[in-house]
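Fold and geometry: a report
One letter stands for each residue in the lines below.
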Amino acid sequence: MTNKKNNSLVTPYGGNLVNLMVSADERQELLERSNRLPSVKISARSLCDLELLASGAFSPLDRFMSKADYERVLTEMRLTNGTLFPIPVTLPVAEDALPSWGEQITLCDALNNNLAVMQLEEVYHYDSMREARLVLGSTDPRHPLISEMTHWGKVYLSGTLKMINMPIYHDFLELRRTPAEVRALLQQMGNSNVVAFQTRNPMHRIHEELTKRAAEEVNGSLLIHPVVGMTKPGDVDHYTRVRVYRALVENYYDHDRTVLSLLPLAMRMAGPREALWHAIIRRNYGANHLIIGRDHAGPGKNSQGKPFYGPYEAQEMMEQYSQELGVTPVPFQELVYLADEERYDEQDKVPEGATIYSISATQVREDYLAKGVALPEWFTRPETSEILGQMYPP
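One structure accompanies this document, and this report is about it. From a predicted model like this one, the values you see are computed outputs, not experimental measurements. (Residues numbered from 1 in each chain as written. Predicted model: local features only at pLDDT ≥ 70, side-chain atom pairs only at ≥ 80, totals over all residues. Heavy atoms only, no water.)

Regarding the pairing of strand 9 (residues 221–226)
Successive side chains on a regular strand alternate, one facing one side of the sheet and the next facing the other. Rule in force here: Relative accessibility decides the category of a residue: with a 1.4 Å probe and only protein chains considered, values under 20% of the type maximum give buried, values over 50% give exposed, and everything between is partly exposed. Secondary structure is summarised from DSSP: a helix means a run of H or I of at least four residues, a strand means a run of E of at least two, and numbering begins at the N terminus for each. Only when DSSP finds a minimum of two bridges between them are two strands counted as paired. When the strands point away from the viewer and the path from the first strand over the helix to the second turns clockwise, the crossover is right-handed.
Most of strand 9 is tucked away: 6 of the 6 residues are buried. Residues S221, L223 and H225 of strand 9 are buried on one face, and the alternating residues L222, I224 and P226, pointing to the opposite face, are buried as well. Where strand 8 (residues 194–199) and strand 9 come together, 6 bridges link them in parallel fashion. Looking at the pairing, V194 lines up with S221 of strand 9. For the segment spanning strand 8, helix 7 (residues 205–218) and strand 9, crossover handedness is right-handed. In this structure, strand 9 lies alongside strand 10 (residues 258–260), joined through 3 bridges in parallel fashion.

Right, here's the structure in full:
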């Protein structure tokens, strides 16, 4: 695959990167006004969505969805203007939390920090089980989002947003970059092709090999883009994971073609639909390729003990819509470690009779971390083994 240097990156989805942050001049006036407006406290999930709306990661969306957009996204995966968009981005609020007066409200976090002023244009009811059935393909409460939705407020709000303050963080500030900031770094690298890697797990040697091969395959840059918002309950905490990612990128990746940046996304674990959403988000950050794994964004097994989604449904849906999305899927190849040759290779290229090593996630937890045993270097880098050992002492 050819790649011309100094070519421009793929354009944002929809053509322009949304930016809801107000100017410095307007901010002071809006900040003062926000203190006088009725306020609505939003959830951790909505906080993630608000941040990504404001920074342009959800472009062309510039607000929590209107009823018309919401309904069409549920049934057709499209906004009212026809743009492909697979996941509803909505603001659920309890009816008794709605102000009794005013056309504007202030959106606050759990600590009552003022974040944005919303022009209250729409308040509409929704059916959570209908939404789950259409978006997630199930109403099984074993799906983590479905069990969460039962506790959401019963109405959705929509309207113009003006962002006063981004959410406050105290960790990894240098890695928390907006789409515009990531695009600037990728532009400096001079590659028009960029492949993004979505992850919510620690990275081991197999992921390192996979991402490096993907960058070679597209002859371009690599964006390692882990989710640090909301992932699947029970996942390794983001603080541990980011220390792993940072150590790997610092020590084992080519700094001239690799960017590590954190994504404050609240995942829906929506499988195939979520894969398309991940592609839209990564395009807004400058990527035109996305590594799609087996059971991408899958939530595990349902109440009958069967996976919610087929292992390759996400890859198939990405192939179907890749041209419209402007993002090419790079399938996650099943790699195995050839012990005699001390290297990784694709499973279907393994010579007959070769000795293969593998360790399952359960073995990592039970046979190594729980017993204080260092993970072998063929499986993970020493830095990763040490960080995981610190966070999960025997």
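Text resumes after the structure shown.
Re the sheet that holds strand 4 (residues 114–119)
Note the threshold: To get an axis, a line is fitted to the C-alpha atoms, and for a helix only the part in contact is used. The angle between two axes follows their N-to-C directions and goes from 0 to 180 degrees. Contacts between residues were defined by any pair of non-hydrogen atoms, one from each residue, lying within 4.5 Å.
The strand order 1-3-4-7 describes an open sheet built from 4 strands, whose pairing is mixed. Unpaired on one side and paired on the other, strand 1 (39–41) and strand 7 (161–163) mark the two borders of the sheet. Within this sheet the neighbouring strands show an average axis-to-axis angle of 30 degrees, counted without direction. Where strand 4 meets strand 7, 3 bridges bridge the pair, whose relative direction is antiparallel. Looking at strand 7, one finds that V117 is bridged to K162. Strand contacts of helix 1 (residues 24–34): strand 3 (104–108), strand 4 and strand 7, with the helix running at about 85 degrees to strand 4, the strand carrying the most contacts. Contacts between helix 2 (residues 44–55) and the sheet are confined to strand 3, strand 4 and strand 7, with strand 7 contributing the most and set at about 90 degrees to the helix.

Structural notes on the pattern of salt bridges
Oppositely charged side chains are able to pair whenever their charged atoms sit close together. Rules: We define a salt bridge as a contact between a side-chain nitrogen of Lys or Arg and a carboxyl oxygen of Asp or Glu at a distance within 4 Å.
For the coordinates displayed, the defined rule picks out 22 salt bridges. Between R213 and E209 there is a salt bridge, with the nearest N and O atoms lying 3.0 Å from each other. Of this pair, R213 and E209 both sit in helix 7, separated by 4 residues, roughly a single helical turn. Owing to a relative accessible area of 28%, R213 belongs among the partly exposed residues under this scheme. Classification of E209 as partly exposed rests on a relative accessible area of 27%. Several salt bridges share partner residues, and in doing so they unite E209, R213, E341, R343, D345, E346 and K349 into one network.

Remarks on unusual backbone geometry
The peptide bond linking S59 to P60 adopts the cis configuration, its omega dihedral lying at 10 degrees. Here P60 lies in the loop between helix 2 and helix 3 (67–76). For M77, which is not glycine, the phi torsion reads 60 degrees and is therefore positive. Along the chain, M77 turns up in the loop between helix 3 and strand 2 (91–93). With a phi angle near 65 degrees, N112 is a residue other than glycine that sits in the positive phi range. Structurally, the position occupied by N112 is in the loop between strand 3 and strand 4. Accessibility expressed as a relative area gives 47% for N112, which makes it partly exposed.

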